[in-house]
Structure formats: C-alpha cells, structure tokens
Amino acid sequence: MADDQAAGRTILVVGGGISGLTAAVEAAEVGYTVLLVEKEPQLGGRVSQHFQYFPKLCSPSCGLEINYQRIKNNPRIRVLTLAEVEAIIGQEGDFTVRIRQHPRFVTEKCTACGECGKACTALVSNPFNFGMDQVKAIRNSHAMAYPNWYFMDADYAASAEARSLPCPVGAIDPDMTATVLEEKVGSIVWATGWQPYDAEKIHPYGFGRHANVSTNMRFERLANSYGPTAGRLLRPSDGKEVKKIAFIQCAGSRDHNHLPFCSRVCCLASMKQATYVREQYPDAQITIYYIDLRAMDRYEGFQKKVETDPGITWIKSKPARIDEDPVSKDPIVIGENTLTGIRYADSYDLVVLATGMEPTSATTARVPGNNAAYDEYGFVVKGGQVLSSGCAAAPLDVAGAVQASTAVALKAIQAAAKRG
Amino acid sequence: MAYDLSFAQDVYKNSEMGHWIKMCKQCGVCAGSCPLGPHWEYSPRQLFQLVRGGKKEEVLKSSSMWMCTSCYNCIVRCPRGLPITHIVHGLARYASVKGYADPDQVTNRFATKIFWGNIVSTGRVGEALLTMRLYFVDGLASGIKRGLEMKDSALGMLMTKRLNPIPIRGKIKGYAGFTAMIAKAQELEAKREAGA
Amino acid sequence: MEAKKIGCYICTGCGIAEALNVAALEKIASKEQKLPVARTHGFLCGAEGLQMIRDDIANEGVNALLIAACSHRVKTDEFERFGTPLLDRVDLRDKALWVQDISAGKEAKEDLQMMAADYLRMGSVKLKKMNAPDPFQDEGFSRDVLVVGGGIAGLTAAKEVAATGYRAIVVEKSPALGGMVARMHKVSPTLPPYRVLEENPIQGLIAAVQGESRIKVYTNATIQSTKGAPGLFDVEIKNGDTVSTERVGSIILTTGYNLYDASKLDARLGYGVSPDVVTSLEFEEMAKAGQLVRKSDGKPAKRVLFSLCAGQRDANHLEYCSGACCTYSLKQALYVLEQQQDGAAFMLFQEMRTPGQMEEFYRRVQEEGGVIIKGDVEQVGKGASGGLSVQITDKLLRGKETLEVDLLVLATGMISTVDTQDPNKPSPVGQVAEETAKSVLNLEYRQGRSMPELKWGFPDSHFICFPYETRRTGIYAAGPARRPMGIAETVTDATGAALKAIQVVEAVAKGAAVHPRSGDLSYPSFRREGCTQCKRCTEECPFGAINEDDKGNPLFNPTRCRRCGTCMGACPQKIISFANYSVDMIGSMIKEVEVPPADDEKPRILIFACVNDAIPALDMVGQKRGALSPYVRIIPLRCMGSMNLVWIADAMSSGFDGIMLMGCRHGDDYQCHNVRGSALAEIRLSKVSETLNRLQLESSRVKMVEINIMDADQLPTIINEFAEQIGSMDLNPYKEF
C-alpha cells in the first residue's frame, strides 16, 4: 500500500508538453496530487505543433485530447499556465518552490467565444508558426488549445485598444499583474522539453539568407492543416508548389560546431515529411541527404515503407553548403555523394534542414538553484534534486518520451514519500 | 591485405595530426567543401578511409593531398573537428618522406624544390626569383605565356611598390644560425621517422 | 436509491440568447420533458450561475444536472465539480449555434431553433435514462503485482513496485535470476560523458530483490494458468511438482527475448563455417570469461570484425531493427581495443545507429581505433594462418575487400518470447522457437490463452501516446518482451510498467476503469434471460473481458473491462447495458427527436460520433465557424464499437433520412483507442444493407466515415455532401408513421 503520508504530498511537474502531461496524469491516476506548471499560455508543447507522428501518420491532437480529458476528469491535477518556477529550496520529500505566474490579461471567465478577437486589430508575428504568419494579439495559440482560454500578448495589454475590447462576460483585465505563489511539494519532475536548434547558426546552409531554405519544424507547420498555409506545401519566396524538395539530415547535429549529440527523431521525421509531400504532390521529386539513417528498432518498418516510394532518392552525404540561384531563388545543394564519389550541385524548390533538439534546460529553462545535475549538453540527468524526463533528459521520440515520463512518474511518487 | 592497420598506425603516429584520421565518420562535408575538389583524385574523406583500409600505395602515390590550398573550409565544417588541412598536408609530407610522391606533381615540385630551394639558399623568400622559377618550370614558352597572362597584376604590383623587380641574392644576417636550425630540425625528424 | 430530481440549466450567453428563443427551450424542458427544475442564466459558467446550481442542489434536492450550454469538452472545471454523478451536457453552442449561419435568414433561425430543441430533448431523455454507476467492488481485491520473468526487466519492475510500497511476486523459469544480462560482461554507458563502459548492474539488482521483504521469488517456475481479472488474478505457479496459487492485482510480463537462430542466417554470413564465427551473445560470454581468443585454436583474438544487422532489416529474416546492437557492438569493440594488445575492431555496418547521447560513445570507440566500414559480408572462409578470411563489399572503398580477422561477430536480432495469439501458427518471421510455442501466462480467457499480438509476435498495441497498452487489461509487457530494446531503455520501460501495474490496482480498488476511459465507474451488466448465447460480445470484446459460464452464457469480468461498450454494440438481443449508457438510452434519444413531416422537406440526418476523435473534430468545426447542414443531429458514442445496429432501425423508423457513423481510423495504423471498435462498426454496417434493402430503403442512406481529429476543415464538406445526397433522395417513407 502506498505510504499514506506520501499521498498527501504534491508532485510538481514543470513543463506541459507530452512528457509533463504524461508524468502528471500517470501520477495523478495512481492517486497523487499533481501541480503542472507550463510557461506557455497553453499546454501541448512541441508536439502540438506537429502535423502527424511517425510511424502511424496520426495526429498528435488525438493523444493530447485523451490526456486533456484525463486532466479535466481528475480534480487531483492543478494546472498553472504562463507560469515558471523561480526558486527551489529543500530536498526530495520536502521542497518549497516559488512560482511566478505571468499575467494572462484574461480571467477564467473567458468562454473562448471569439468576440474580442474579432474586434482586435493588432497583429503580431505568430510564434506558434515560427513567425511564418501573423495572429491577433488576443487569442488561443492554436485551434485545439487547452486550457481553452484566451490570452493577450503583454505588449498589447498596455494599448488603448486592449482596454476597449468587447467581452460579453467581462473577462478582459489589461491591468492584471504577475502573481507569485509558494507551494510545498514532495518531488519535482523537470520536463521542459526542447527548442529547435537555431538553423541560422549553420552558416553554410544559408537559413535566414536564402528564402527557400527552411527547417523541419517550419515545414511541419506548413503541412499542418491548421497551419499558416492551411496545410498547403508552398515555398516561402513565391508561394510556388514544392515539387522538388530536399531534406538535409544532421543539420547542426552530430556536429561539434553545433549540437554534438544526435537528436534521434530527425531521420524518421524527414521520412514522415516525405510522405506529406508525396500525399500532396504525387509526382514530386524528393531527395534525402543523410549520414546514417536512424530508424530505430521497430521504426525500421516505417523506413521500409517509405523506401518503397520510387520518387525518393537517398544520398549518403552531408552537404557542404547551399547556394541560391539569384533569379529563381532555387536553393542549390552542393556536396559529395560518399557512395559514388561524385560531386553534386542539385537545385530544388525547397530545402528542409532537419535540425535537432536543443534541451531548453541548457538555455532558457535552467533548473533554479543548484538543484540539477546536467550532462555536457545541458540535459538534466540523474544525481540532482530534481527528476527529469522527456527531451529535457535525452533526445527522444514521442513514444520514448511517454515511456520515460511514465517511469519518472513512479520515481516522483517514490521521491515524494521521502521524509524532509 | 585490406584493413591491415600497420600502415594506418604508422600514419597515426608519424604523420602530422595523423591520429585524427581515426575520427572521420565519412560524412563527405570536406569533400563537398573543397574548392579544389574536382581536381582531387580522392577527396579527404576517401583518403582517410583508404588509410584505414590499408591502401598504402593508393594513398601515398595520389596527387590528391598536394592539391590543398589551405582554405580551411573543411576544418570549419567538419562535424568531428578533424584538422583536415593539417592532416592532408601531413600526408603529403609523409608521402614525400617515404619516397612515394611523384616529384613532377605540380605542388610537390613547387613545395619541395622551388620554394624550399628558394628559402634555404638565402634564409628568406625571394619573390621575384621564386615567381620566375615557378613560371618557367615547364619551359621557356610556357613561362612567357604565364608571364603575359599575369602582366597586368605584375604591373599593378610594381606601381604600388609591392613587387621588387630586382631578384634578391643576398643571404639573411643570421644565415648560419638558420642553416643550423634547419639541420637540427631535419635530424629530429629523421629520428622520429625512424621510429624512435 | 434516492429518486432522481433533474435540474435543467440553460445558458443564454455566448450568443445563445440572440440566436435562440430561450423561452421556448425552457418550455420544452419544463412542460414537454417535465423536468422539475428548469432555469436560464446569462453566464452560467460564471460564479453566479454556478452558485445558482449549487443552491438548487442544496435546497431543491436537485441531484441530476442537465447543462445546456457549450461542448462537454470545455468548462469542465466549472460544470463537473458539483459532486453529482448524473450530469449531461447539451451542446447549444459549439455543435449547434457556431455551425449554423443564421444571418442567412428566418428559415436558418428556425432550423437552428429546431436543432437546439432536439438536442435539449435528447439530453433530457438521456439523463432520465441514466443511472449513477455503482462501482464494482470485491473483497478479494489484491494490490500485489506479479512479475513474470526474472531478468533485468522483471527485477527492475519488482524492485520499483516494492520501492513504492507494494508487494511483488517474481516468477522465473530458470534456476537463477538475471536473465540474459547476467551472461553479459559490462554495459554501454548511461552516465555522462557517455564514454566509459559501466559495470553490469545485474548482480546488485539480484541482491536488492532477494533482500527485499516485499518481493517473493519463485525460480524454476512457470505459470500454469492465469484466471480472473485485474485485482482478482489467480495465478497457478508450477515449480516441479508443486503448484502454488497467488492472488495478484496486476501482471507485468518481462520474459525478455530470444536471439534469432543464427543457423538460419544467410549462408554468406558464415555461421557454422568455423567456430570463429560467433553471435554477439557468444562473444559477450567470451569477454565476460576473459576469453577473447579464437575458438578454433585458442590464439588471442586481436582482430575482430563485427557484422551488424545480421539477419535483421531483412525481408527474409527479421524485418525490423533491434535498436541496441549498434551500441552494444561498439561496446564489444571496446572490449577488444581495451583488453587486447594491438587489438583491432572493425564495425561492418549498414547504418550506424547510435542515437542521442550515444553519439559520443561512437566517437569514443573511433578514438580508440575502431574502424568503421559500410558494407556487407559476402563470404566467410578459413584464414590462411587460422582465424577467418572474410570477403566483404565495401561501399566506401567501392569494391570487394578481403579481411583477415580472428573472429567474426554477428549481431543477430531479438525476437519475442511472448506467445502469439495462436501458439501453433508459425510466428510472422517464419520461425517458431520452442519457447514461443507455448503460452507464458496461459490465460483462462475465452478469447485465448495467449497475449494478442499486432506485429512481429510482440504484444505491443502500437499506440504512440500510450506505449504500455496491451489488449489485456492489467497485464503490461515491458522490456524486450514488449519490443526490441537495449538495457538502459529496458530499465526505464520496466519502471514505467511498474507504475502502470500499480495504477491499475488502485483504479480497480475504486471500481474505476483505466485508459482510455480512466476513472469510469460504469461497467456492463446483462439480462441473462434474453441471451441466445450467440457469443458475439465474447468474441468481439477487444480486451477479452468476457468469459463463458458453464451454461454458455457470457461471464463478465468488470475489472478487465475498458467500458467501451463494444459488447453492447455487438449484442443483437440488446441485453447488455451500462448504468449510464445503454441501447435503450440512445434509442430513446433518437426517438425523442422531432422529425418534421415529409411536406416540410427538411430531411433529418443522424450522426453517431465517437467521443475520442470525431466529437473534438466537430467541436473544431464550431471553433472555426464552419457551416454544417442544419438537418444534422449528433449523438456522441463512447466508441464506434458500441454502435448497436438497432439504432439504425430506430432512426429509420423515427423518420431519419440518413445516418452517418464517424469513427476513428482502423487498419494497420489504427487510431481507435479501443483497438477494434471502429473496425467492428464497419463490419457490422456491411451487414445492415441487407436489412435496409428489405425495408425498401437505400443502403446508401447509411454511411461510415473514418475521421481524423484534425479533419475540421473537411468535415463540413463530408457532412454537407452527404446531407445533399440524402436531400436529393426521396424522404424516408417511414417518416409519417
């Protein structure tokens, strides 16, 4: 029988992506109280930006929907969004954490009816779509967002228009300020996930300089039916249909100049994105430039399936650089095919850089205080006061993140039982 | 025998930065980056795999490593951080020392004869003489042709006082010390190459 | 049980008051449906509105709530915390107001009013037919966890179960604990900087398990039979002539893996040509024994060639990759490079698969001199001076090369040790190893003794977001028994399985279901008198929850049940129901819709929508203000598996002109959370066309579509085209009756 005292202790999960969500619901369904803290206005993290998962080519929203249902049905789980952990004091079994909740400028009365959005004239660059389009300054971050509760950009909140937005239930509060809470928790799971590696740093590939060099996450947003182009795969410079496309694997990964580790998912993600292209353009030419194709264990079945597409060319090569045709803006991929020794300069409509996952725990989401152990890449590893799972701990695919987070939920339960 | 590591191990030990050859993961970025690439018989990464593969003759007789102009494109991009420029120069030197390098290969000839001869005879680079020797290396006719091709550059440099048309013949002041250093370095190198 | 007193609360916010005649709706609630309490509020989810409801509960004895407002997916914190188990949400907003364009004119407004009225009627009837479930309880519930298999996965699971305060019972078929890992030397790095081989943790783990009072261990033991259900598993453990019985709450299957039989590999790989061709496991044992020598003549093995993907990623052998072999072959290369004077290790790979932080380990092995070669073994012969002469295709040197080595190590793949559904059928990989021919658990389940498998003989259900799911509730597989994986991942996997095993016993203790209807207290009951013993419920249940009694009647096991209702949908006699979800309930809802007479020329289309993917997609249509035909009426179902064909008859006889079923994707890459629900609905539907034809109704009036949760932009087209098609047909001749 679980230690009755432990049942009273709360587990803090930091990060509301698929890893944090999983750790939270799994622990709560064993009977523990969970406080889930997410820095964005809504849950879902990176997976909510994906269009489909490999290998089943299914929507992330399906699993997220079940997890949100589990949260809704479970009064043991308390969710705080727009919240960050500022301080951690204490040890396993007995922590005090200080959480800063940034103002949402919209109260819980919000019914997501959309009246304010209709009246709002201010457009901002849409971070959910990596700046590829603009959205209203008051909104839900995406269609299936949870909590289904609008938020306002902080800059807009200071404007006159913000004060005069219509709201049938009076939920708009531009004067809202940040609040600071102190909570006592028994254990902490750091599940702050990852951010896409900044492709501009990979200078030879020209991201940021060449219009038609994109990244895997941006391409994923393009493919998403609720994305900036309603799912149409069109290239940035002129909106042309992408009929000839290249994926460059290990862009900024396995590379001591960038991320030395391998992000595990990018090979499979590019294969998956190749199916997007094929689905939309039956005669598109697709090329995948790779060093090693990493379709781990049972995902090999997915690679085999994608390999049956005769319109995909697989070239074992890490391209040296990408040039741009000044007139057509076609990107030109230059390198050496290591299996034939032949040098190539191939032009495409669009090039997608399969960039890697940089753990936010290395940069923007460091664990406060001296409470975490990190490896050389900034992943949170065993040995510190906080537990971690998902991509905060190691590069993982979704099933792996859920697996690890289910395991960490148990460790969190055990840790919460420790006497302070 | 393929993948007999005795050649590789000698290279790792005795060629400049040779031990880095172990680290290549055959991605091909160096090959794609090299501006002289189309002129190489084997790209850098091919050379490395050949070294590891025990293909001594192919590597050492190849003109490839003599093509490197030290642009450093490869080093900057290599994901494993191999100091490719240095490795390649090292292999060239190694081939030369082991007696495999083709003496008439252009860069070899320039480096080991013309350039070396020029420096060692005076203790400094005598540009005019060096240039003339290089231009006329294939004979009078080709030398004149080259000179004519480059005449605008030469004229420009003369006018801006960047070219001294008078060939320098005199030795540097510390010439004796200089030759002593060269001799000592050669002695140390010979010892190392003998496997000390 | 106290009498039900329904309070109906109609929210008039979010534009409802402007678009609908709320007074008319109130009248339907109180006069037509005779609900004792009917109120409206302009902002029902606000503090005042909620207090109004609370006051009625406290003062008016209201104990069942009909909330007519927005979708059941929103405002749950507001509307689901009253402590009344009887609650129904009528959606006047997301799936009604928001999908109708009433600016089009008077008729559009009238149509919306009819729609709202029908939804209110359906909700009322549903709530009237709903009873609060009485959680299934049994005094004999156990919270103990059975762990089958005492290797690293099983030992980890047992240790973690015990560390959380629960008891575990480990059953190991061999005399000793430790499994495959006990035969291994060291393990690949798990700790930063990911460069150093680590000590094998297995002995420490065995000692920890043996020293833990909460863990009971049986060795030389197998499972003779597993009866019962989660919370109530009675397991017979056979040890020689002794049979012990244990009552456990959940089971973790950690029987590990077998290696693919090397003698079945392609002849070119040379296994059997010389004793110097060994498998990875054989090499591991040699390293562990400090015997890195040629098996042929005992000379030191200095040059070792590791051939990866042996009989894997190969349509003729194992199609999949085992994931761990690249990393552990590098580990083995390091044995050679670290332990042998002048050691040389060659990695003959197709793809070098060292994901994540293992990339650094790959670097380390190259630093030590490990040589990578991309290629294949073509032929193996004996070497001129002993050892082997191996001809390879070398893709990087672009030719054929011959290597002289002392040993050739073949990295063969992992195959399942868990039984296939039919133990006598050869496993999909074309070989039947002796251990897999028998069932491990010997389930006393009507659907079979074995764990259902999906691909390649593994019991994994292949849900990406719910990787621990198998089709047997309360039984979780972990480690390579579930799918190929390496040691580090196995430890994580087993820990996660321990959590799931504990979670299920806690849920069972409350009478609650687990995924996907976590917390659901209802479970099926059946009216024995009506049973014709057709066995459809028993056979169709995706989870094998139904056994058979000695009279051939179905025997329900509530704790095995996921509450999907597939049995309810399957039963042609309609004798299966849940306290709060029944054939009669849905049938009554259908009949309560006010279908206009034929002269009005307003067809009615009934949409059965699965709550998992279809309803959220429909809500998104509303969020995006898509326009749906005003003639549709949506009924949410727990799963398309619960679709009972009588509802088609009910709908037709009520005057509906068209019926659409919206379920989740089925097939190889299925989405259905109950695995087979959606597929079963489609199969059943194929049988209904005959019935329809007999009734002189076109079978095209009934259509099933597979919906993706992201299909909101396609749904209007899908639904409206169907509505148009129905509209162009003659209206249902049964409308007038």
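## Structural notes on helix α3 (residues 60-72) of chain A
Over its 13 residues, α3 of chain A extends 18 Å from the first C-alpha to the last, a length consistent with the 18 Å expected when each residue adds 1.5 Å. On the buried face of α3 of chain A, the contacting elements are α2 (18-30), β2 (33-37) and β3 (77-80) of chain A together with α4 (76-79), α11 (487-510) and α15 (614-623) of chain C. Where α3 of chain A starts, the residue carrying a side-chain oxygen 3.1 Å from the main-chain nitrogen of S61 of chain A turns out to be S59 of chain A.

## Observations concerning the domain arrangement of chain B
Residues and elements named next belong to chain B. Along its sequence, chain B is carved into domain 1 (5-97) and domain 2 (106-193). For domain 1 and domain 2, the distance between their C-alpha centroids amounts to 27 Å. Each partner contributes to the roughly 570 Å² buried at the junction of domain 1 and domain 2, and carbon and sulfur atoms together form 43% of this total. Counting every contact that joins domain 1 to domain 2 gives one salt bridge. Where E189 meets R93, a salt bridge forms, and the shortest distance between an N and an O atom there is 2.1 Å. Connecting domain 1 to domain 2 are two residue pairs in polar contact (both at pLDDT 80 or more). If you tally residues by element for the side of domain 1 that touches domain 2, the top one is helix α6 (residues 84-97), at three residues. Here the side of domain 1 that touches domain 2 is composed, by residue class, of three nonpolar, two polar and one charged.

## Some remarks on the confidence of the model for chain B
As a note on interpretation, predicted positions should not be read in detail where pLDDT is low. All names here are of chain B. The predicted model of chain B has a mean per-residue pLDDT of 91, with 98% of residues at 70 or higher. Per-element mean pLDDT across chain B ranges from 83 in helix α8 (residues 127-135) up to 97 in helix α3 (residues 44-52). Confidence estimates for the predicted assembly give a pTM of 0.95 and an ipTM of 0.96.

## Here we look at the domain arrangement of chain A
All names here are of chain A. Splitting chain A by domain gives domain 1 (4-102 + 178-195 + 358-416) and domain 2 (198-355). Each of domain 1 and domain 2 was reduced to a C-alpha centroid, and the two centroids are 31 Å apart. Facing the 19 residues of domain 1 at the interface are 22 residues of domain 2. Broken down residue by residue, the surface that domain 1 buries against domain 2 is led by F51, F54 and P395, which jointly contribute 35%. At the boundary of domain 1 and domain 2, one finds zero salt bridges. At the boundary of domain 1 and domain 2, one finds eight residue pairs in polar contact (both at pLDDT 80 or more).

## Some words on a nonpolar patch on the surface
Residue and element names in this part refer to chain B. On the surface, a cluster of nonpolar side chains totalling about 490 Å² of accessible area is made up of M132, F136, L140, I144 and L148. Considering every element that reaches the nonpolar patch, the biggest residue donor is helix α9 (residues 140-149), with three residues. Topologically, I144 is positioned in helix α9. Here I144 falls in the partly exposed class, since its relative accessible area comes to 43%.

## Comments concerning the interface of chain B and chain C
Counting from both sides, the interface comprises 18 residues of chain B and, opposite them, 20 residues of chain C. Of the roughly 1,700 Å² buried at the junction of chain B and chain C (both faces included), carbon and sulfur atoms supply 57%. There are two salt bridges connecting chain B and chain C. Between K55 of chain B and E401 of chain C there is a salt bridge whose closest N-O contact spans 2.7 Å. Across the contact surface, chain B and chain C share eight residue pairs in polar contact (both at pLDDT 80 or more). Tallying contributions element by element places α3 of chain B first for the side of chain B that touches chain C, with five residues. Taken together, the residues of the side of chain B that touches chain C sort by class into seven nonpolar, four polar and seven charged.

## Points about the interface of chain C and chain A
Taken residue by residue, the interface counts 88 residues in chain C and 82 residues in chain A. The junction of chain C with chain A conceals about 7,200 Å² of combined surface from both sides, 55% of it contributed by carbon and sulfur atoms. By the criterion of area lost to chain A, the three top residues of chain C are I464, L499 and M710 of chain C, representing 11% of everything that side buries. For R73 of chain C, the salt bridge identified is with E65 of chain A, shortest N-O distance 2.6 Å. Run the count over chain C and chain A and you get 41 residue pairs in polar contact (both at pLDDT 80 or more). Mapped by element, the contributors of at least two residues to the side of chain C that touches chain A are α4, α6 (152-163), α10 (358-367), α11 and α15 of chain C. Top element by residues in the side of chain C that touches chain A is α11 of chain C. It accounts for 11 residues. Grouping the constituent residues of the side of chain C that touches chain A by class yields 37 nonpolar, 20 polar and 31 charged.

## Some remarks on the nonpolar core
Ranked by internal contacts, the top residues of the largest apolar core, which has 177 residues, are L353 of chain A together with F283 of chain C. For this core, the element with the highest residue contribution is helix α10 (residues 398-416) of chain A, accounting for 12 residues. Core analysis: the second largest hydrophobic core is formed by 110 residues, C62 of chain A together with L66, C541 and A681 of chain C among them.

## Here's the deal with the sheet that holds strand β6 (residues 168-171) of chain C
All names here are of chain C. The five strands lie next to each other as β9-β6-β5-β13-β23, forming an open sheet whose pairing is parallel. What marks the edges here is a single partner per strand, and that holds for β9 (215-218) and β23 (475-477). Each adjacent strand pair in this sheet contributes to an overall mean axis angle of 20 degrees, direction not counted. Looking at chain direction, strand β13 (residues 250-253) and β23 are connected through three bridges and run parallel. Within β23, the residue paired with I252 across the bridge is Y476. Relative to the sheet, α6 contacts β5 (145-148), β6, β9 and β13, its axis offset from that of β5 by approximately 165 degrees. Taken strand by strand, α11 contacts β5, β13 and β23, and its axis lies near 165 degrees from that of β13.

Conventions we followed
Residues numbered from 1 in each chain as written. Chains lettered and ligands numbered in written order. Predicted model: local features only at pLDDT ≥ 70, side-chain atom pairs only at ≥ 80, totals over all residues. Heavy atoms only, no water. Helix = DSSP H or I, 4+ residues; strand = E, 2+ residues; numbered from the N terminus. Expected span 1.5 Å × (residues − 1). Contact = heavy atoms within 4.5 Å. Polar contact = N/O pair within 3.5 Å; in protein donor to acceptor, adjacent residues only side chain to side chain. Domains from an automatic or database assignment. Buried area = accessible area lost by both parts, 1.4 Å probe. Salt bridge = Lys/Arg side-chain N within 4 Å of Asp/Glu carboxyl O. Nonpolar A, V, L, I, M, F, W, Y, C, P; charged D, E, K, R; others polar. pLDDT = per-residue confidence, 0-100. Patch = residues over 30% accessible without salt bridge, like charges linked within 9 Å, V, L, I, M, F, W, Y side chains within 5 Å. Areas by Shrake-Rupley, 256 points an atom, 1.4 Å probe, with all protein chains shown as cover. Buried < 20%, exposed > 50% of the residue type's maximum accessible area, 1.4 Å probe, protein only. Core = buried A, V, L, I, M, F, W, Y, C linked by side-chain atoms within 4.5 Å. Pairing = 2+ DSSP bridges. Axes fitted to C-alpha atoms, helices over the stretch in contact; angles between N-to-C directions.

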